[in-house]
Amino acid sequence: MTLRTAPRSRPVGYRPRKPAAAARIAWPDAFGQRFAVFVDTEEEFDWSQPLAREHRDTQAMAALPDLHALFAAHGVPATYMIDDPIVRCPRSVAILQQLVADGGAAIGSQLHPWVNPPHDEAVSPRNSFLGNLPRALQAAKIAALTDAIAAAFGTRPVMMRTGRYGLGPDTLALLAAAGYRVDTSMRSGYSYAGEGGPDYRAIPNHAFRTGHGALVEIPLTTIYTGAMRRGGAGLHGALGRIPRGRGIASRLRLHSRVALTPEDMPIALALEAIRVAADSDVRLLMFSYHSPSAAPGHTPYVRDAAELALFRNWWEQAFALLDRLGIAPASHDQILAALAGADERP
């Protein structure tokens, strides 16, 4: 006789629930509708190859002031979310100190577990998501990065993004305990469950209180465009189960999922997403890019000088449309001040 056993269920990754309506941030009326740019400021590595601890080069940082100048010319402040290889590189720290001193820039944290001490875990795809590590190891890595940034810049960071958007069930509580005020790790409408990471398909674009101390989550913005945009993440998932379904729907202008980044996101789609967002009740639009894209040859998005020119032009067009629509930029400190105002509202 052969006994049949139930198949083993696959491990369920972190899947935060849609926040309650009461948790949503009620931004002060004076804040209006704003946008912010948060930069994943990090080392260079080959995106097509396995992650490795020894990949800590920071050559692209030399190009960051030039891109920062483009932002400054449009009055757009940037928050640089820096990780361990950046904060332990004196040249990178000096560059960032100058950008902060010039005004219009601030420093936050970004944690890549595989290059962030202590190195007590194996380097693997699953362990590249901070939230998959043991709670004590997460806390130790958060402390190491936070302390290093405080030592380099004289101020403890209060905004965090976990690399690869890698939150877990324990991470938000650990960030709150470490004194963080804002987390920006959740990417609305995206799931990394196939790689062992979190699933954010239930997360909206609205900022919300996490329930862990004063910590607020400000998700990266995802906008759906097209005639069937109200289908949102559910329709995007269904189209993914049809061969070439997402591409066909996008070309027919029926449904597109648009992240507010020039990296692998055509400007035409981005401009349409900004127009859709302008008519929505989302009060803070979150844009992002990776700092190695400031120079050719370090990311798959900017491989040569021609792509760098397109990258810069993407920002020029986005800033021009945001200005026409009356959506003003918000700095790191303005966001914190507005959150303080939201806390004071009944």
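Draft legend 1. Here's a closer look at the overall build of the chain. If you tally the helices and strands in the chain, you get ten helices and eleven strands. For the chain, the C-alpha radius of gyration of 20 Å lies close to 20 Å, the compact-globule estimate for 346 residues. Taken along its principal axes, the extent of the C-alpha atoms in the chain is 75 × 50 × 50 Å. A burial count over the chain gives 52% of its 346 residues as buried. Considering only contacts in the chain between residues 6 or more positions apart, those separated by 24 or more positions represent 74%. In the form shown here, the chain has an accessible surface area of approximately 15800 Å², with 54% of it arising from carbon and sulfur atoms. Between the centroid of the 36 positive side chains of the chain and the centroid of its 32 negative side chains there is a distance of 10 Å.

Draft legend 2. Spotlight on the pairing of strand β10 (residues 284–290). Within β10, seven of the seven residues are buried, leaving the element largely enclosed by the surrounding structure. Burial of the side chains of β10 extends over both faces: L284, M286, S288 and H290 are buried on one face and L285, F287 and Y289 on the other. Pairing of strand β1 (residues 34–41) with β10, which is carried by seven bridges, proceeds in the parallel orientation. Its bridge partner lying in β10, F35 is registered against L285.

Draft legend 3. A look at the nonpolar core. Counting 91 residues, the largest nonpolar core has W27, Y80, L96, F287, Y289, W315 and I335 as its most contacted members. For this core, the element with the highest residue contribution is helix α9 (residues 305–324), accounting for eight residues.

Basis of the calculations
The residue numbers shown here count from 1 along each chain, following its written sequence. Where totals are concerned, whole chains, interfaces and linings use all residues; where local detail is concerned, this predicted model gives features only for residues with pLDDT of at least 70, and gives and counts side-chain atom pairs only at 80 or more. Processing note: side-chain calculations cover all non-hydrogen atoms of the structure and skip hydrogens and water entirely. Per the convention used, a helix needs a DSSP run of H or I reaching at least four residues, while a strand needs a run of E reaching at least two, with both numbered from the N terminus. Both definitions apply: the radius of gyration is a C-alpha atom measure, and the globule rule equals 2.2 Å times residues to the power 0.38. Only protein chains enter the calculation, and the probe is 1.4 Å; a residue is then buried if its accessible area is under 20% of its type maximum, exposed if over 50%, and partly exposed in between. Whether two residues are in contact is decided by their heavy atoms, any of which lying within 4.5 Å being enough. Exposure was quantified through the Shrake-Rupley algorithm and a 1.4 Å probe, taking into account, for residues, occlusion by the shown protein chains and nothing else. In this tally Asp and Glu are treated as negative and Lys and Arg as positive; neither His nor the chain ends contributes. Throughout, a charge is located at the NZ atom of Lys, the CZ atom of Arg, the CG atom of Asp or the CD atom of Glu. A pair of strands is considered paired only if DSSP assigns at least 2 bridges between the two. Nonpolar core, defined: a set of buried Ala, Val, Leu, Ile, Met, Phe, Trp, Tyr and Cys residues in which side-chain atoms within 4.5 Å join the residues together.

In short, geometric facts, not functional conclusions.
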